[in-house]
Amino acid sequence: MKLAEYVKRHKKRTAVLLLMAAVISLLLLKNGTKEAPVTRSKVEKRTIIKYVSASGETAVTAQATSYSQLAANVSKIYFKNGSNVMEGDTIMEYDKFSLKASLDSAWSDYLSAKATLQTSFADYEYAKANVKAKKEIRDNAMEEYMGNKNNTNKEAFKTAEANYQSALADQRELNNKKGFFEKEEQSKYSDFLAASKNYANTTLKAKVSGTLILNNINEGQQVTNGQKLFSIANKDTLSFVSEVDETDIVYLKPGQECVIKLDSYQDEEIKGSISLVEAKTITTDAGSTAVKVELEISKDDMALIEGLNGEAKIKVATKENVLTIPFEYTEEDDKGTFVFVQSGNKTQKKRVKVGFETEDFVEIPEGLSEGEQVIRAENLKEGDKVK
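Residues numbered from 1 in each chain as written. Predicted model: local features only at pLDDT ≥ 70, side-chain atom pairs only at ≥ 80, totals over all residues. Heavy atoms only, no water.

Consecutive side chains along a regular strand alternate between the two faces of the sheet. Here 13 bridges tie strand 3 (residues 44-60) to strand 16 (residues 309-326), and the two strands are oriented antiparallel to one another. The residue bridging Lys45 from the neighbouring strand is Leu323, located in strand 16. Inspection of the sheet shows strand 13 (residues 257-262) paired to strand 16 by five bridges, in the antiparallel sense. Its bridge partner lying in strand 16, Lys261 is registered against Glu311. (Pairing = 2+ DSSP bridges. Helix = DSSP H or I, 4+ residues; strand = E, 2+ residues; numbered from the N terminus.)

Now the structure itself:
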């Protein structure tokens, strides 16, 4: 059947088919020329600044730290934590009664050790005399035996020799004991001297003037020998210690400025600068490698408190009057970096060279001109129509 004849006989069916074909064509055309909604940004000259961010906490480099030189109870603390103290002020006091008891006990132990040593000396002297007597008896018995080697003289000599050797063994044992008791007596006397010194120094004074930082010490608390009691510092010793990722260390050096925001000072930006970059790495709690960086804080009215958490932004580099775009407008493929621009009503890829990068902007030294517009959208492809 010829087409003209089929159309003539099936006019209604043909009209429906033609309408369906037109609709499908229109839909295909519409999808193929879909206009993508985009955002735009102008290529502009800006001054851009690169920062390195690092979390950390405040720390105090104390001018003077005091440690307990004995085990004792703290009976009195005369200043509150954070108080301003002067050199020579009494900060805290040990319990004199317990120290007096320790002194009396040490004296008693010394006297007991001394008496034991004296007894040991007496026993040793007696043993020495006994050895001398037993040697004389042995020598006489030997002389008798050498003169007449009968069984009676032989047995007498053997007995005398055994008694002499036993006396020598007793003397050696008592000599060893005497040496032990001599050391014990010296040790107890040293303990007595230490207890005497402790009793004479029941107060702990400030070695310098500054702000007192108590190390979790309370009245009535038992402290141990070598325990840290308190530090004294001034405002110049307050710093912010942070852990900077090893990949960012290349940018850091002493003197660089920073801004610190502490959790307890939410509304304030505290100025500071790098005072120290440590010459060794550490492993963070998260398992990454970092370097400790100390930042000097420039805030005179800030409380001298250790352990305040916060975040530091360290200014590491600046570039002035360079062509830039927001970093999110750059994209990567296997050929390098590119951006999308609008050419007519369609998108066009443009290859660019990226220079200096910051958190917000990237420098574009090649590929774009000032005033040009770059565009971006989700799943944007070259040739897409744009409004």
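A separate point is the side chain of Ser242. Along the chain, the position of Ser242 falls in strand 12 (residues 238-245). Taking the relative accessible area as the measure of exposure, Ser242 reaches 0% and is therefore buried. In contact with Ser242, not counting residues within four places along its chain, are Ala54, Ser55, Gly56, Val291, Lys292, Val293 and Leu295. (Buried < 20%, exposed > 50% of the residue type's maximum accessible area, 1.4 Å probe, protein only. Contact = heavy atoms within 4.5 Å.)

Taken in spatial order, the four strands of this open sheet run 8-7-5-10, and their pairing is antiparallel. Among the strands making up the open sheet, the edge pair consists of strand 8 (203-205) and strand 10 (222-223). Of the strand pairs in this sheet, strand 7 (residues 90-94) and strand 8 are connected by three bridges, and their pairing is antiparallel. When the bridges of strand 8 are listed, Thr90 appears paired with Lys205.

Before going further, it helps to spend a moment on the nonpolar core. Of all hydrophobic cores here, the largest spans 23 residues; its most connected members are Leu252, Ile260, Leu262, Leu295 and Met302. Elements represented by at least two residues in this core include exactly strand 3, strand 12, strand 13, strand 14 (270-283), strand 15 (289-297) and strand 16. In terms of nonpolar packing, the next biggest core, distinct from the first, is built from 18 residues, Ile91, Ala206, Leu214 and Ile232 among them. (Core = buried A, V, L, I, M, F, W, Y, C linked by side-chain atoms within 4.5 Å.)

Across the chain, the bulk of peptide bonds are trans and the bulk of non-glycine residues have phi less than zero. Even without glycine at this site, Asn216 takes up a positive phi of about 55°. On the secondary structure map, Asn216 appears in the loop between strand 9 (210-214) and strand 10.

Turning our attention to the packing of aromatic side chains. According to the stated counting rule, one finds seven aromatic pairs in the structure shown. On the basis of an interplanar angle of 0° and a centroid distance of 6.0 Å, the ring pair of Tyr145 and Phe157 is categorised as stacked. Within this pair, whereas Tyr145 is found in helix 3 (residues 96-147), its partner Phe157 is found in helix 4 (residues 151-200), the two being separated by twelve residues in sequence. In this structure, Lys50 packs its charged tip against the face of Tyr251, placed 5.1 Å from the ring centre. Just above the ring of Tyr124 sits the side chain of Lys178; from NZ or CZ to the centre is 5.1 Å. (Phe/Tyr/Trp six-rings, centres within 6.5 Å; stacked < 30°, edge-to-face > 60°. Lys NZ or Arg CZ within 6 Å of the ring centre and 35° of its normal.)

What follows concerns the packing of helix 3 against helix 4. Contact pair helix 3 / helix 4: the axes reach a minimum separation of 6 Å and the direction vectors enclose 165°. The orientation of helix 3 with respect to helix 4, classified from their angle, is roughly antiparallel. For helix 3 against helix 4, the interelement crossing comes out left-handed. Here the contact of helix 3 with helix 4 is built from residues that sort into 27 nonpolar, ten polar and 19 charged. (Axes fitted to C-alpha atoms, helices over the stretch in contact; angles between N-to-C directions. Parallel < 35°, antiparallel > 145°, perpendicular 65-115°, else oblique. Left-handed = near helix turned anticlockwise from the far one by under 90°. Nonpolar A, V, L, I, M, F, W, Y, C, P; charged D, E, K, R; others polar.)

As a further point, take the environment of Lys253. Inspection of the secondary structure assignment puts Lys253 in the loop between strand 12 and strand 13. For Lys253, a relative accessible area of 53% gives the class exposed. Sequence separation between Lys253 and Ser273 is 20 residues; the distance between their C-alpha atoms is 9.7 Å.

This part covers the pairing of strand 14. As paired elements, strand 13 and strand 14 share four bridges and run antiparallel to each other. Note that in strand 14 the partner of Val259 across the bridge is Lys271.

The tally for this structure, following the rule as stated, stands at eleven salt bridges. The closest approach of N and O atoms between Glu161 and Arg138, which form a salt bridge, is 2.7 Å. Taken together, the positions of Glu161 in helix 4 and Arg138 in helix 3 put the pair 23 residues apart, joining distant regions of the chain. Between Lys178 and Glu182 there is a salt bridge whose closest N-O contact spans 3.9 Å. Taken together, the residues span about one helical turn, with Lys178 and Glu182 both in helix 4 at a distance of four residues. Lys178 sits in the buried class, given a relative accessible area of 12%. Residue classification places Glu182 among the partly exposed positions, given a relative accessible area of 27%. (Salt bridge = Lys/Arg side-chain N within 4 Å of Asp/Glu carboxyl O.)

None of the figures reported here should be taken as evidence of function without further support.
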